[in-house]
Amino acid sequence: MPSIASSNPVSTTEACLAVEDFLCSVATSLWDAFWSSDDEEFPFFVTDVQKLSSRHNLPHCLALVKRHDKREDDVLWEHISEIVLLEGSLQGPTYESFPTSFQVSQAVFCALHLLVSRKLSHVRLSTSANQNVFTVFVLLVHFHGGSVIRIEGDISSLEADTVEVYKSAAVWVQKQASLMVSAVNKVWTTFGTVNWRDVGALQMLLATFYCIEQFRAPKKSILDLYSKQIFFSSQKVEQRRQEINGNNKNFAVALVSEIYEDSEDILEVDHRNTLTFPTFLKIEPGSLLWIEDTDRKKMLEVYDVCVSAEHHVCIGVDVDDEAKRPVNIFVGAHPAQLETSWEEMGAWYHVQRLTRILTTMKQRGLQTRHIPRLVHSGVLLHPGMCEKRESQAHCDHPWCQVPVLVTSPVGESLQQIFLRDKVLPPIELLRCCHDCLSAVQSAHSMGIQHANITPDNIIRVAEANGENYYVLVEWGHAVLEENDRPKVNLIFSSTDALQSGRLCPASDIESLLYVLFYLSRGKLPQCVSVESALQWRYRAWSRRAIQQVLGEVSIVLKAFADYVDSLCGTPYSVDYDIWVLRINRALVQEGILRH
């Protein structure tokens with residue numbers, strides 16, 4: 001990408017070529033990763049659609065076009081999958097503001113053409129259950145940055161007025177459509193190369209993925225590629241660690257260069273000293289951990305290390321606790337390891353996010369035994385003197401400034417119980433539904449949605465009197481603010497989370513029903529894509545398969561499933577009180593709970 005002024009006509013031409021190359025590289029790479037097969041060619045091409053833009057006095061336009069029978073230079077609106085507008089300037093020298101209203105209006109103008117053309121040409125979408133609802137992405141690009149504009153809506157509800165066409169279209173955008181505009185973020189560096197780690201490049205990459213996904217369901221999911229990335233990254237980092245421990249100085253210098261190869265800063269390496277790297281954090285049964293929690297220091301003794309579906313969790317006790325009550329210990333990662341390992345970065349982020357959610361619950365006065373209780377939060381203290389410098393936040397010791405979170409109670413996950421016992425009694429399923437509903441109700445009253453209810457994230461806790469109760473854990477992916485996005489699980493996520501990445505008020509109880517259906521020996525599909533997951537949900541609800549399976553467990557659960565079916569995808573709130581009361585009565589009749 002050229003870095004000279006946009007007033008020069010040569011730079012505009014070079015910028016168009018750079019954007020065209022960028023869009024082509026993104027689309028072909030995504031196709032090879034998620035859709036490609038040996039006997040199928042790339043079904044899209046990138047072209048200049050200046051003929052369409054000049055007709056409406058728009059800025060320079062490029063488009064990702066689906067191949068058709070006509071000539072490539074004869075492009076119609078319905079052939080376009082994604083459109084790029086090359087703007088002369090975008091607001092914000094620091095790339096933290098939003099495009100102007102005029103630029104957004106130009107993007108919406110193009111998006112409306114795409115929406116209407118797709119509707120009139122009867123384009124079939126692969127990922128939408130409602131073929132009247134279309135989603136269009138428009139990229140606004142400048143020489144160094146860009147923004148993504150997303151518009152979605154049911155174009156069949158557009159009431160076109162032949163006299164005031166644009167006014168009726170504006171009314172539809174205001175009242176019927178969903179319009180989202182991202183901030184202007186940096187895409188290209190000052191040297192003209194794409195920085196793939198920047199948010200601007202990543203959001204354009206994701207927008208292009210969704211554009212292709214609308215016309216062809218992917219053969220691989222993002223989660224599959226992410227798991228493979230974690231596996232290969234961990235192997236690569238482990239191999240590097242072994243070579244570094246072998247005092248291979250040249251390899252260590254090369255490792256530093258590779259870690260910072262995307263940085264624009266020039267690093268100075270002191271070759272006079274031997275490069276040292278922190279060893280990986282290893283916590284084993286019997287380890288003693290010192291935690292600095294605000295102005296207090298606590299010692300914890302670890303007696304077990306459990307591997308959950310997502311993270312490693314240590315089980316230990318507070319040495320000062322006379323009752324020796326077990327606690328969960330979530331340990332993050334050393335800040336120096338975040339750039340070299342996805343797994344370490346995920347552990348660090350999980351502890352930070354979970355601490356924030358539980359702290360918010362505690363500050364808002366949320367008290368229920370069905371949600372984990374925050375016991376301590378702080379950082380690890382390592383033995384010996386801390387050798388960090390004034391300009392550094394940590395030293396090279398692997399335990400320095402590692403975030404730690406301590407919660408209670410400790411229990412066994414439903415997934416482990418189900419795999420061991422093969423079946424759960426109806427009474428336990430009723431109790432699980434009652435306790436999880438109570439947890440979700442308490443969180444929703446504080447404006448928090450769990451967004452990741454699975455059998456792994458529900459634990460059973462045994463009390464001293466021999467009775468059990470259930471706790472909804474793993475709140476690290478909870479939706480706390482409007483910008484938060486739920487974690488996608490093809491089996492247990494709600495329909496809204498899969499379709500639009502958003503949650504409706506009934507999303508958590510919909511996920512809870514899928515968990516109860518699974519624990520009731522319901523037949524789950526082998527979902528390999530979002531499309532297949534949505535199709536299974538549509539068939540299961542239309543054939544009342546979930547109600548039939550839960551009806552064999554309890555009439556109350558069957559009625560609850562009917563109630564959830566009527567709420568899915570609607571903005572109506574859930575009446576938790578009535579269903580907690582009804583399930584409580586069913587348990588009382590069995591002598592499980594007291595009045």
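This structure is a prediction, so every number in the text was calculated from the model and none was measured. (Residues numbered from 1 in each chain as written. Predicted model: local features only at pLDDT ≥ 70, side-chain atom pairs only at ≥ 80, totals over all residues. Heavy atoms only, no water.)

## Notes on the packing of helix α10 (residues 426-445) against helix α12 (residues 507-519)
Here α10 crosses α12 at 165°, and the two axes come no closer than 11 Å. As judged from the angle between their axes, α10 and α12 are roughly antiparallel. In the crossing of α10 with α12, the sense of the turn from one axis to the other is right-handed. Together, L429, C432, C433, C436, L437, V440 and H444 of α10 and D508, I509, L512, L516 and L519 of α12 make up the contact between the two elements. (Axes fitted to C-alpha atoms, helices over the stretch in contact; angles between N-to-C directions. Helix = DSSP H or I, 4+ residues; strand = E, 2+ residues; numbered from the N terminus. Parallel < 35°, antiparallel > 145°, perpendicular 65-115°, else oblique. Left-handed = near helix turned anticlockwise from the far one by under 90°. Contact = heavy atoms within 4.5 Å.)

## Thoughts on unusual backbone geometry
Along the chain, S408 connects to P409 via a cis peptide bond; the corresponding omega equals 5°. By the element assignment, P409 lies in the loop between β13 (403-408) and β14 (412-413). One non-glycine residue with positive phi stands out, namely K324, at about 55°. The residue K324 is located in the loop between β10 (312-318) and β11 (326-331) in this model. Using a relative accessible area of 44% as the deciding quantity, one classes K324 as partly exposed. Look at K422: it is not a glycine, yet its phi comes out positive at around 70°. (Buried < 20%, exposed > 50% of the residue type's maximum accessible area, 1.4 Å probe, protein only.)

## Looking at a nonpolar patch on the surface
Taken together, the side chains of L206, Y210 and I222 make up a nonpolar region of the molecular surface, amounting to roughly 250 Å² of accessible area. Relative to the assigned elements, I222 resides in helix α6 (residues 222-245). Owing to a relative accessible area of 43%, I222 belongs among the partly exposed residues under this scheme. (Patch = residues over 30% accessible without salt bridge, like charges linked within 9 Å, V, L, I, M, F, W, Y side chains within 5 Å. Areas by Shrake-Rupley, 256 points an atom, 1.4 Å probe, with all protein chains shown as cover. Salt bridge = Lys/Arg side-chain N within 4 Å of Asp/Glu carboxyl O.)

## Quick look at the pairing of strand β4 (residues 133-141)
When you tally the buried positions in β4, you get 8 out of 9 residues, the bulk of the element. The pairing of strand β3 (residues 80-86) with β4 spans 4 bridges and is classified as parallel. What sits directly across from L85, in β4, is L140. The sheet contact formed by β4 and strand β5 (residues 145-154) spans 9 bridges and is antiparallel. Looking at the pairing, T135 lines up with E152 of β5. A loop of 3 residues connects β4 with β5, the two strands running antiparallel in sequence. (Pairing = 2+ DSSP bridges.)

## Some remarks on the sheet that holds β14
Taken in spatial order, the 3 strands line up as β14-β15-β16 in an open sheet, and their pairing is antiparallel. Each edge of the open sheet is held by one strand with a lone partner, namely β14 and β16 (468-472). Of the strand pairs in this sheet, strand β15 (residues 458-462) and β16 are connected by 5 bridges, and their pairing is antiparallel. The residue of β16 that forms the bridge with I458 is L472. Set on the sheet, α10 makes contact with β15 and β16; between it and β16 the angle comes to about 40°.

## Quick notes on the environment of S408
Turning to its location among the elements, S408 is positioned in strand β13. Looking at S408, the relative accessible area reads 11%, which means it is buried. Once the C-alpha coordinates of S408 and N328 are considered, the two residues, 80 residues apart in sequence, prove to be 6.0 Å apart. Setting aside residues up to four positions removed in sequence, S408 forms contacts with P326, V327, N328, P372, R373 and V375.

## Some words on the pattern of salt bridges
With the rule as written, the count across this model stands at 11 salt bridges. Close ionic contact of D321 with R325 constitutes a salt bridge, the shortest N to O distance being 3.5 Å. A residue is classified by how much of its surface remains accessible, and D321, at 15% relative accessible area, is buried. Assessed through its relative accessible area of 51%, R325 is described here as exposed. A salt bridge links R431 to E428; the shortest N-O distance between them is 3.1 Å. Linking R431 with E428, this pair stays in helix α10, spanning 3 residues, or about one helical turn.

## A few points about the pairing of strand β8 (residues 288-293)
Residues L289, I291 and D293 point to one face of β8 and are all buried, whereas L288, W290 and E292, pointing to the other face, are not buried. Bridge analysis of β8 against strand β12 (residues 373-381) gives 3 bridges, and the strand direction is antiparallel. Within β12, the residue paired with E292 across the bridge is V379.

## A closer look at the packing of α12 against helix α15 (residues 555-567)
Here α12 crosses α15 at 140°, and the two axes come no closer than 10 Å. Here α12 is positioned oblique relative to α15, judged by the angle of their axes. At the point where α12 passes α15, the crossing takes the left-handed sense. Note on element contacts: α15 touches α12 through L557, F560, A561 and V564, opposite I509, E510, L513 and L516.

## Comments concerning the confidence of the model for the protein chain
Looking at the protein chain as a whole, its pLDDT mean stands at 79, while 76% of the residues score no less than 70. Element-level pLDDT for the protein chain is lowest in helix α7 (residues 249-259), with a mean of 42, against a maximum mean of 96 in β16. Per-residue pLDDT stays below 50 along residues 247-280; that stretch engages in 41 contacts with residues further than four places along the chain or on separate chains. (pLDDT = per-residue confidence, 0-100.)

## Details of the packing of aromatic side chains
Evaluation of the coordinates by the stated rule reveals 19 aromatic pairs. Centroid distance Y514 to W541: 6.3 Å. Interplanar angle 55°. Geometry classified as tilted. Separated by 27 residues along the polypeptide, Y514 in helix α12 and W541 in helix α13 (residues 530-542) bring together distant segments of the chain. Across the pair, W541 and Y514 agree in class, each one buried. (Phe/Tyr/Trp six-rings, centres within 6.5 Å; stacked < 30°, edge-to-face > 60°.)

## Topic: the state of the cysteines
Counting across every chain of the model gives 0 disulfides. Between C433, a cysteine without a disulfide, and C432, which holds the nearest cysteine sulfur, the sulfur-to-sulfur distance is 7.2 Å. Taking the relative accessible area as the measure of exposure, C433 reaches 0% and is therefore buried. (Disulfide = S-S within 2.5 Å.)

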